[in-house]
Amino acid sequence: MGIVDAGSNERKFSADEIRKSAREMRGYALISLFCAGSGHTGGTLSAMDVVSTLYLREMKHKPSEPDWDGRDRLFFSAGHKAPAWYTPLGYCGYFDVRQISTLRKLDSPFCGHPDRRKCVGIEASCGSLGQGLSIAVGSAITAKLDGKNYRVFCLMGDGEQQEGQIWEAAMEASHYKLDNLVGIVDKNTLQIDGAVKDVMDIDPIDEKYNAFGWHVIVCDGHSIEALIAAFEEARKVKGKPTVIIAKTVKGKGVPFMENQAGWHGRTPNKEELDKALAELAVEYLPKDEMVAIASAHQKKVSAEIEASMPKFSKNYWWNAQEKMKVEMKSTKAGFGEELRDNPNPNTVALGADISGSISINMFYEGHPEKRKRFFSMGIAEQSGTCVAAGMAKEGKIPFFGTYGVFAAGRALDQVRTTVCYGNWNVKIVGAHGGISVGPDGATHQALEEIFQIAGLPNMNMLIPCDSLETKKATQAMIDQINGPCYIRYAREPTPIVSSQSTPYKFGTATVVHYRKEMPMFIDAFETVLAPEAKDERENIAILSCGPEVAEAMRAAWILSSEFGIKARVVNLSTVKPLDKQAIARAALETGCVLTVEEHQKGGLGNLVSSAILCEQMLYGKPVLFDMMGVEDRFGETGAPWDLIRRFGLSAEHIAEKARKMVETTKK
């Protein structure tokens, strides 16, 4: 087996050649991660010997004909190890390997998590852990069904074995006797929250697969000879699938990265890159060329974005002027701070392996006595949701946190049937909302939660605008709301547009008016609870939630300064129950309503439009209405603010849309 060239000649690399190539591939991957400035270094390096052996010796494939029907198939279940897939593909000739330096940049085919539609050689898009083995099972079954002799491989992580879907697929593979399927577990013993055995022990993993009817091979995942032997043994197995438990080292090949959980989602800086490349002892790598390629790519993207932006008499971008300065802070920090500071003895917190990433680990920060009330559920969102319900049944106030794509999507049935139908006091944390998640790409950018969550009976949904409002909303979840809650917040630092004295009340919108330019952005606005707001004969109402409220406020500044248009900004920080009275007043008093959301268009917009259409006081009243949001598509890999501008969600785009709407009302 091995690479098949255009002339159908096979090239099988020797063990020494693979060893040398794997070192070079580690170097290419590290350079790409450096250029990206974000990504997953540890797992990329631990898997490289396995993937190099697959592409250079074991798998039959044609770089000159990527869709060749006779090729063997490789599926990544651990999609965050994307550079370990892109690098061998480029190395084998599917594309110029130097181009992987555009990793995680907007418009690059090398997304934060692989996208089969963009990158040649990628068999399936991936990013949500635990799903790859099921896809591989489907491919292997189809080969049997169609009488084809291609073989199927699936690379998984060891922490990923905590996902229940892995074991559903394991049963299926054994049941259908898929001897054309080889699963590979990259057993580097570490995951984001620490050692796998401490987060949620998976061992004895070999005995578990054996009990599920698999042929099990345990080997050194960094010995090329051992890997060759393991794949040769797997090829001879008949009547059952094979799993290779490859014992690896996270960060392998770079001593200062090896066995360090912190390198899971970290990338090297310039000094660390140079040190790492020296330790790999590779004769030559085109580092300078790759850095130049990455720089040129970003310059091109930035120029295109800038050219597409609406233009005004001056630059209104955040902190671009001497006045109207703003501080930035992640909304997730406010959540963590309240969880840490709130004294309620019944609160408990459940992590899902991304505890630091979403700030839920702050629950016990500075409070070691609270550590016993923190429970690691591993990578198991569906079970974790129901465990939280069981704790709520017994009187606790459980917070279960993960990324929004998993909290609202993967565990939706558990949220619906167990949490909401049971009406348990469970607090679900949907972090990383919106496209501003950035370079992790579409699989990790939650854009559907309002659709998924707001329609559930008994559910309360909170989408605060900044870190301070997130802290207040979290307090309300603990101290005021007895019942299911879902809070959505962002990942990246966003403008702080409220203060400790800014009014906040669960279930009640706030109304924000721009007054005049001030040294600090926040001081240029006046905020009151919606019932206390007076009709100021505004030209338009801009209704929003989450960090887009700050963009709506900035748009109000632009509209006033450039066009003399007065905007009423309505912060719908509680999406359910929705403040319908504030919405009705905004529609009645302005006659012009625009909704803005960092979400699929219509998540918030549909709820607002329904509130307007069903309000009796508005019967027969003319209201011009429009929505802004993500236009029925997935997100993209890219820098957070580049994405906000590319997707038309910046204040500049809001102001331009609002101006046109107001002009229409005057005709």
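This text goes with the structure placed above it.
The notes below deal with the structure included here. (Residues numbered from 1 in each chain as written. Predicted model: local features only at pLDDT ≥ 70, side-chain atom pairs only at ≥ 80, totals over all residues. Heavy atoms only, no water.)

**Side note on the overall build of the protein**
Link 1 in the chain: Secondary structure summary: the protein contains 22 helices and 24 strands in total.
Link 2 in the chain: Taking 2.2 N^0.38 as the reference for a compact globule, 667 residues should give roughly 26 Å; the C-alpha atoms of the protein span a radius of gyration of 26 Å, in line with that estimate.
Link 3 in the chain: Reported as C-alpha extents along the three principal axes, the dimensions of the protein are approximately 80 × 55 × 50 Å.
Link 4 in the chain: Considering only residue pairs separated by 6 or more positions, the protein has 79% of its internal contacts joining residues 24 or more positions apart.
Link 5 in the chain: For the protein, the computed accessible surface area is about 24800 Å², with 50% contributed by carbon and sulfur atoms.
Link 6 in the chain: Separation between the mean location of the 79 positive side-chain charges and that of the 84 negative ones in the protein comes to 2 Å. (Helix = DSSP H or I, 4+ residues; strand = E, 2+ residues; numbered from the N terminus. Rg over C-alpha atoms; globule rule 2.2 N^0.38 Å. Contact = heavy atoms within 4.5 Å. Areas by Shrake-Rupley, 256 points an atom, 1.4 Å probe, with all protein chains shown as cover. Lys, Arg positive; Asp, Glu negative; His and termini not counted. Charge placed at Lys NZ, Arg CZ, Asp CG, Glu CD.)

**Things to note about the packing of aromatic side chains**
Link 1 in the chain: This model, assessed by the stated rule, comprises 20 aromatic pairs.
Link 2 in the chain: Both rings, one in Phe312 and one in Tyr316, keep their centres 6.3 Å apart while their planes meet at 85 degrees; by these two values the pair is edge-to-face.
Link 3 in the chain: Here Phe312 falls in the buried class, since its relative accessible area comes to 17%.
Link 4 in the chain: Cluster of aromatic residues (ring-pair linked, three or more members): Phe312, Tyr316, Trp318, Tyr514, Phe521, Phe525, Trp557 and Phe563.
Link 5 in the chain: Over the face of the ring belonging to Tyr364 we find Arg371, whose NZ or CZ atom lies 4.5 Å from the ring centre. (Phe/Tyr/Trp six-rings, centres within 6.5 Å; stacked < 30°, edge-to-face > 60°. Buried < 20%, exposed > 50% of the residue type's maximum accessible area, 1.4 Å probe, protein only. Lys NZ or Arg CZ within 6 Å of the ring centre and 35° of its normal.)

**What to know about the sheet that holds strand β19 (residues 525–529)**
Two orientations exist for strands paired in a sheet by backbone hydrogen bonds: parallel and antiparallel.
Link 1 in the chain: Strand order in this open sheet of six strands is β19-β18-β21-β20-β23-β24, and the pairing throughout is mixed. If you trace the sheet from one side to the other, it starts and ends with β19 and β24 (624–630), each paired once. This sheet shows a mean twist of 20 degrees between the axes of neighbouring strands, independent of strand direction.
Link 2 in the chain: Two strands pair when backbone bridges link them, and strand β18 (residues 510–514) and strand β21 (residues 567–571) are joined in this way by four bridges, in the antiparallel orientation. Counterpart to Val511 in the pairing with β21 is Val570. (Pairing = 2+ DSSP bridges. Axes fitted to C-alpha atoms, helices over the stretch in contact; angles between N-to-C directions.)

**Digging into the side chain of Ser128**
Link 1 in the chain: Turning to its location among the elements, Ser128 is positioned in the loop between α3 (83–92) and α4 (132–146).
Link 2 in the chain: In this structure Ser128 comes out as buried when scored by relative accessible area, which is 16%.
Link 3 in the chain: A polar contact is formed between the side chain of Ser128 and the side chain of Gln131, at a distance of 3.1 Å.
Link 4 in the chain: Of the polar contacts made by the side chain of Ser128, one reaches the side chain of Arg410; its length is 2.9 Å.
Link 5 in the chain: Excluding residues within four positions of it along the chain, Ser128 makes contact with Ser77, Phe406 and Arg410. (Polar contact = N/O pair within 3.5 Å; in protein donor to acceptor, adjacent residues only side chain to side chain.)

**Observations regarding the packing of helix α1 (residues 15–36) against helix α8 (residues 224–236)**
Link 1 in the chain: Between α1 and α8, whose axes approach to 9 Å, the crossing angle comes to 115 degrees. The hand of the α1/α8 crossing is right-handed. Here α1 contributes Ala15, Ile18 and Arg19 to the contact with α8, which in turn contributes Ile224, Glu225 and Ile228.
Link 2 in the chain: When the residues that make up the contact of α1 with α8 are grouped by side-chain class, the tally is four nonpolar, no polar and two charged. (Left-handed = near helix turned anticlockwise from the far one by under 90°. Nonpolar A, V, L, I, M, F, W, Y, C, P; charged D, E, K, R; others polar.)

**Description of the side chain of Ser330**
Link 1 in the chain: In this fold, Ser330 is placed in strand β10 (residues 328–330).
Link 2 in the chain: Within the structure, Ser330 has its side chain in polar contact with the backbone oxygen of Arg491 (distance 3.1 Å).
Link 3 in the chain: Apart from the residues lying within four places of it in its own chain, the contact partners of Ser330 are Ser467, Arg491, Glu492, Pro493 and Thr494.

Purely geometric numbers; function is a separate question.
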